[in-house]
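Chain by chain, the residues:
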Amino acid sequence: MMEVTLTCSECGSGVHVLPSTEAKIAKCDVCEKETPVHFSEEHETGILKQCPCCERKDFYSQKDFNRKIGVALFIVAAILSIWTYGISFLVLYAMDLILFRKLSQIAICYKCNTIFRNVSNIKEIYGFNHEMNDRIVYSDHDFNGKQLEHH
Ligand SMILES: [Zn+2]
Ligand SMILES: [Zn+2]
């Protein structure tokens, strides 16, 4: 099932919601602020065409990579390399290949930064586009789900 993580507009914490046409609000666990959500039957089947929070249709995809874990692993490898003559870096590199290359792709809404996991049409969603991001964030442009292409 698709998992939705929206950012609380009040305190900035992540609010997890599972798509359901019955869910009308997502409540923040931290500050109890309620954010209206609009789920459709499409969302219930894992298809992402429209953002349930801001109702925009522009998303980008990226790897579900946890930066903090990556940095922590790097520090551990750096410390261990003193005794292992750098072998720990090779291990880290191998782990990176095995673990992180396999990480699933997530989709993110340009407008409200809501994160979507287990999206069934993830292959239709392009990677991050700077120009689209700038125009959506700074000039409130709506691409309406059309990917900006350069010719
Ligand atoms: Zn909150
Ligand atoms: Zn959105």
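As the structure is a prediction and not an experimental result, all values here were calculated from the model.

## Remarks on the overall build of the protein chain
At step 1: When its secondary structure is counted, the protein chain shows 4 helices and 7 strands.
At step 2: Mapped from its N terminus to its C terminus, the protein chain presents α and β elements in the order β-β-β-β-α-β-α-α-β-β-α.
At step 3: Taken over the C-alpha trace, the protein chain has a radius of gyration of 19 Å; the compact-globule value for 151 residues is 15 Å, which it surpasses by more than 25%.
At step 4: Once the C-alpha set of the protein chain is aligned to its principal axes, its extents read approximately 55 × 45 × 30 Å.
At step 5: Looking at the protein chain as a whole, 17% of its 151 residues are labelled buried.
At step 6: Excluding contacts between residues fewer than 6 apart, the proportion of contacts in the protein chain whose partners are at least 24 apart in sequence is 53%.

## Describing the domain arrangement of the protein chain
At step 1: Here the domain parsing of the protein chain yields domain 1 (1-62 + 105-145) and domain 2 (65-103).
At step 2: Averaged C-alpha coordinates put domain 1 and domain 2 at centres separated by 31 Å.

## Focus on the sheet that holds strand E7 (residues 115-117)
At step 1: Strand order in the open sheet formed by 5 strands is E2-E1-E7-E6-E5, with antiparallel pairing between adjacent strands. Edge positions in the sheet fall to strand E2 (14-17) and strand E5 (59-63), since each has one partner strand and no second. Each strand of the sheet is rotated relative to its neighbour by a mean of 25°, with strand direction disregarded.
At step 2: Bridge count between strand E1 (residues 3-7) and E2: 4 bridges; the pairing is antiparallel. When the bridges of E2 are listed, Leu6 appears paired with Val15.

## Digging into unusual backbone geometry
At step 1: The phi angle at Glu32 is positive, at roughly 65°, despite the residue not being glycine.
At step 2: Considering the arrangement of structural elements, one finds Glu32 in the loop between strand E3 (25-27) and strand E4 (34-36).
At step 3: Phi is positive for Asn118, which is not a glycine, with a value near 55°.
At step 4: Along the polypeptide, Asn118 turns up in the loop between E7 and helix H4 (130-139).
At step 5: Among the residues examined, Asn118 registers 15 C-beta atoms within 10 Å and is labelled partly exposed.

## Regarding the nonpolar core
At step 1: Leu6, Val17, Phe59, Ala107 and Phe116 are the most contacted members of the largest nonpolar core, which totals 19 residues.
At step 2: Taken together, the elements giving at least two residues each to this core come down to E1, E2 and strand E6 (105-109).
At step 3: Examining the composition of this core, we find that 3 residues originate from one element, E6, more than from any other.

## Thoughts on the UniProt feature "transmembrane region" (unreviewed entry) in the protein chain
At step 1: Taking the numbering used here, the UniProt-annotated feature "transmembrane region" (unreviewed entry) corresponds to residues 69-95.
At step 2: Overall, residues 69-95 shows 93% helix and 0% strand. The separation of its end C-alpha atoms is 12 Å.

Cut-offs used in this document
The numbering scheme is per chain: residues are counted from 1 as the chain's sequence reads. Chains and ligands are labelled sequentially in the order written, the chains with letters from A and the ligands with numbers from 1. For a predicted model such as this one, the threshold for reporting local features is a pLDDT of at least 70, and the threshold for listing and counting side-chain atom pairs is 80 or more; totals across whole chains, interfaces and linings nevertheless cover every residue. For helices the rule is a DSSP run of H or I covering at least 4 residues; for strands it is a run of E covering at least 2, with both sets numbered from the N terminus onward. Atoms considered for the radius of gyration are the C-alpha atoms alone. The globule rule reads 2.2 Å times the number of residues to the power 0.38. For every residue, the other C-beta atoms within 10 Å of its own C-beta are counted; 20 or more classify it as buried, 12 or fewer as exposed, and values in between as partly exposed. C-beta atoms are placed from the backbone. By the convention adopted here, residues make contact when the C-beta atoms placed from their backbones lie within 7 Å. An automatic or database domain assignment is the source of the domain bounds shown. Whether two strands pair comes down to DSSP finding at least two bridges between them. Where helices are involved, their axes are fitted lines through C-alpha atoms of the stretch in contact, as for all axes, and angles between N-to-C directions lie from 0 to 180°. The nonpolar core is taken to be a set of buried Ala, Val, Leu, Ile, Met, Phe, Trp, Tyr and Cys residues joined by way of C-beta atoms within 7 Å. UniProt positions are given in the numbering used here, feature names are shortened, and annotations may be inferred rather than shown by experiment.

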